[in-house]
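A closer look at the structure
Residues per chain, in single letters:
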Amino acid sequence: MKVKERFLQWFMNQKVGKKIMYTFLVISVIPLLVSQILMLYVISNHMKEKTDELMMNQLIQISERTDLTMDVYTNLVYQIYANDELIAYIADYGHASSNRRAQAYRKIGEKIQQYGLSASGIECISIVLEDGQDITYDFGMASAVDNLWEGYQDKKSTLPYRLAQETSASMSVSPTERIVREGEEQRVFHISKQMYDFTDVQRGTIGTVIMSVNESVLNAVCSVSEENGGSYAINFITDKEGSVLSYPDSFYSGITLSKGRSVKEFVERTGVLAGKTIAVHRYENENLGWYFYNAYDEDYMLWDVRSIQYLTIAIGLLLLLISVYLIRYTVRLIESSTRNIVAGIMEVQQGNLNVQVYVESRDEMGQIADNFNTMTGKVQGLIEEVKAVTEKQKEAEIRALEAQINPHFLYNTLDSINWMAIEKEEYEISRMVRNLGVILRYSVDKSNKMATVGEMADWLEKYVSLQRMRFNDAFDCEIHIQPETEEIRLYKLLLQPFVENAIIHGFREIEYGGMLRVDVMFSEDENKLDIIIEDNGKGIPHEIVEKCNHPDIVSKDAQTGIGLQNAFSRMRMYYGNSASWNVSSIAQVGTVITLKIPASGKGEAVR
């Protein structure tokens, strides 16, 4: 206890600077060293896991690419297997006279050549008949006589043939083997399958097709470029029996791994990664029944991590020394720096976002000051972004509302054209199609842009003409445009919902005598357009009329109907409080809708 009391007394008698320095050394240095060690350990393990994950993903990708590559060749074998014409030639070859037999032999050879040229890497295609005879074309030697099976007296003794018999219901792939062709050693693997005459299945197999493919096809899929660490990593394939199907050094393709010897030992023995610290990963492709291996230099892959570890330690020690040196100077600056920062915060609280805090030091206080300045700048930027986003959202809502126009009009119109063509055989269908084309182009092309009153009137005439044909001329329409207003611009499709609502709902079940009238004119002060849509239809229920005449309700209440709700919402979004409207309706007498919108000349200025 006395020792502790003496130490506390001694510490209390030290100056503030020394207290901070001693406290910093005791409290910061030890945790820093411990945290660094833990951090380096965690980073090292994390990077090892990420490297393992990367290598496994690479193997999965190679496996998938191999599946796709093998599909090309197995599909060719299936095409040969299922080719009725080829099966017929094989039947002729086995039972026909010598002339027809020679012709069948030639035709079979031609078919084989056609299949062999459809994909690269095919070395040979053979069809081994049940009597041991074969029809073969060797693409490497470009010969039907000289081929890779020259060393076999009986083709039925070959491994691909025997595997096909053992797996008669499916296709078999035999391991890579070495062949010698014209004095040069090559590696190939074989795909084989029994063939049947589907017109006489009871007869059994009529032959076995064997396709020999160069091992370079698999090697190309597994190869790793130099840019991707090809000098420090390899990929190769074996089957479940340990036969090497493909290896970067083709000398080892076709051999069988020794039992009791690990894959890592095999890679070391091949010398591909000689002198390296080798790590191996394996992935099984259940579809092919193959194993895909990845071997890489672990030191090379983790070199960056270890370099970062050494660099982190060096930087940590350097920063520690610098911190001890600067701690006394920092104490003197803390008070002045704090005053500057607090003053800046007070300015922001008063709403001044242009304030900048200047601190001469570049320590934590300096960082706080820099971050404070950056934050105020970002806040200003965010305010501007919010404004821009609000405008974009408004435009998006307008477009979304415009997109709600009921498409049933288009479907019903097309149906009317169809029945008119069938029942009446009249050439009016041509005019309907032209008008419909104009309507579609006008509606779809920049539907939230502006058009002149004259263009709008022309479009309405075509639109109404189609509706009149659809409803068998149950109504007439008059469009009156004050000549002075023809060049005034308004938003496209603004009036369409009102006209459609009058036709669809106002003239419902009316067979004749309907009248629709549209008037466009300047208001008395000529600063606005008055647009009147009037019909003598069935009228609008009183409760809906009440809602329509309350802008805040109708622009939000979808129960008023798509046409009116969409139209009033668009007016409010386009013109704000500058637009107004009034709806009056009497049941079985008609409806009058009066719209007032700002009159803009040629889309540039308000009149």
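Up top is the structure.
All of the points below concern the structure found in this document. (Residues numbered from 1 in each chain as written. Predicted model: local features only at pLDDT ≥ 70, side-chain atom pairs only at ≥ 80, totals over all residues. Heavy atoms only, no water.)

Quick notes on the overall build of the chain
Inclusion rule: Labels follow the DSSP assignment, with helices taken as runs of H or I lasting at least four residues and strands as runs of E lasting at least two, numbered in each case from the N terminus. Exposure is judged per residue with a 1.4 Å probe applied to protein chains only, and the accessible area is read against the type maximum: over 50% gives exposed, under 20% gives buried, and values in between give partly exposed. Any two residues whose heavy atoms approach within 4.5 Å at even a single point are treated as in contact. Methods summary: accessible areas were calculated by the Shrake-Rupley approach with a probe of 1.4 Å, and residue burial reflects only the protein chains presented.
Within the chain one finds 17 helices and 18 strands. Here the chain, with 607 residues, has 41% of them falling under the buried criterion. Partitioning the contacts of the chain with sequence separation of at least 6, the portion at a separation of at least 24 is 61%. A total of about 34,200 Å² of accessible surface is found on the chain, and carbon and sulfur atoms cover 54% of it.

Structural notes on the pattern of salt bridges
In plain terms, the rule: Each salt bridge in this description consists of a side-chain nitrogen of Lys or Arg and a carboxyl oxygen of Asp or Glu lying within 4 Å of one another.
Under the counting rule described, the total for this entry stands at 14 salt bridges. What you see here is one network of salt bridges that share partners, running through Lys48, Asp52 and Glu298.

A look at the nonpolar core
Selection criterion: By nonpolar core is meant a set of buried Ala, Val, Leu, Ile, Met, Phe, Trp, Tyr and Cys residues that side-chain atoms within 4.5 Å join together.
Formed by 43 residues in total, the largest nonpolar core has its most connected members in Phe498, Phe568, Met571, Leu595 and Ile597. It is helix α13 (residues 453-470) that contributes the most residues to this core, 7 residues altogether. Counting 42 residues, the second largest nonpolar core, distinct from the first, contains Leu76, Ile122, Phe189 and Val221.

Digging into the pairing of strand β14 (residues 528-535)
Both faces of the sheet carry side chains from a regular strand, because those side chains alternate between them. Put simply, the rule is: Here a strand pair is declared whenever DSSP counts at least two bridges between the two strands.
Where strand β13 (residues 514-522) meets β14, 7 bridges bridge the pair, whose relative direction is antiparallel. Following the sheet pairing, Val518 is matched in β14 by Ile533. The turn joining β13 and β14, which pair antiparallel and follow one another in sequence, is formed by 5 residues; a positive phi near 60 degrees is taken by Glu526. Direction of pairing for β14 relative to strand β16 (residues 590-598): antiparallel, over a ladder of 8 bridges.

A look at helix α14 (residues 496-506)
Extensive coverage of α14 is indicated by the burial of 9 of its 11 residues. All of the buried residues along α14 are Gln496, Pro497, Phe498, Val499, Glu500, Asn501, Ala502, Ile503 and Gly506.

Structural notes on the sheet that holds β16
Using the following cut-off: Axes, fitted as lines to C-alpha atoms, cover a helix only where it is in contact. Angles between the N-to-C directions of the axes lie from 0 to 180 degrees.
The mixed open sheet is built from 5 strands, whose spatial order is β11-β13-β14-β16-β15. Because the sheet does not close on itself, it has two edges, and the strands there are β11 (475-481) and β15 (580-586). Across the sheet, the mean angle separating the axes of adjacent strands is 10 degrees when strand polarity is ignored. Of the strand pairs in this sheet, β11 and β13 are connected by 7 bridges, and their pairing is parallel. If you follow Cys477 over to β13, its bridge partner there is Leu516. Lying on the sheet, α13 is in contact with β11, β13 and β14; it crosses β11 at an angle near 175 degrees. Set on the sheet, α14 makes contact with β11, β13, β14 and β16; between it and β13 the angle comes to about 160 degrees.

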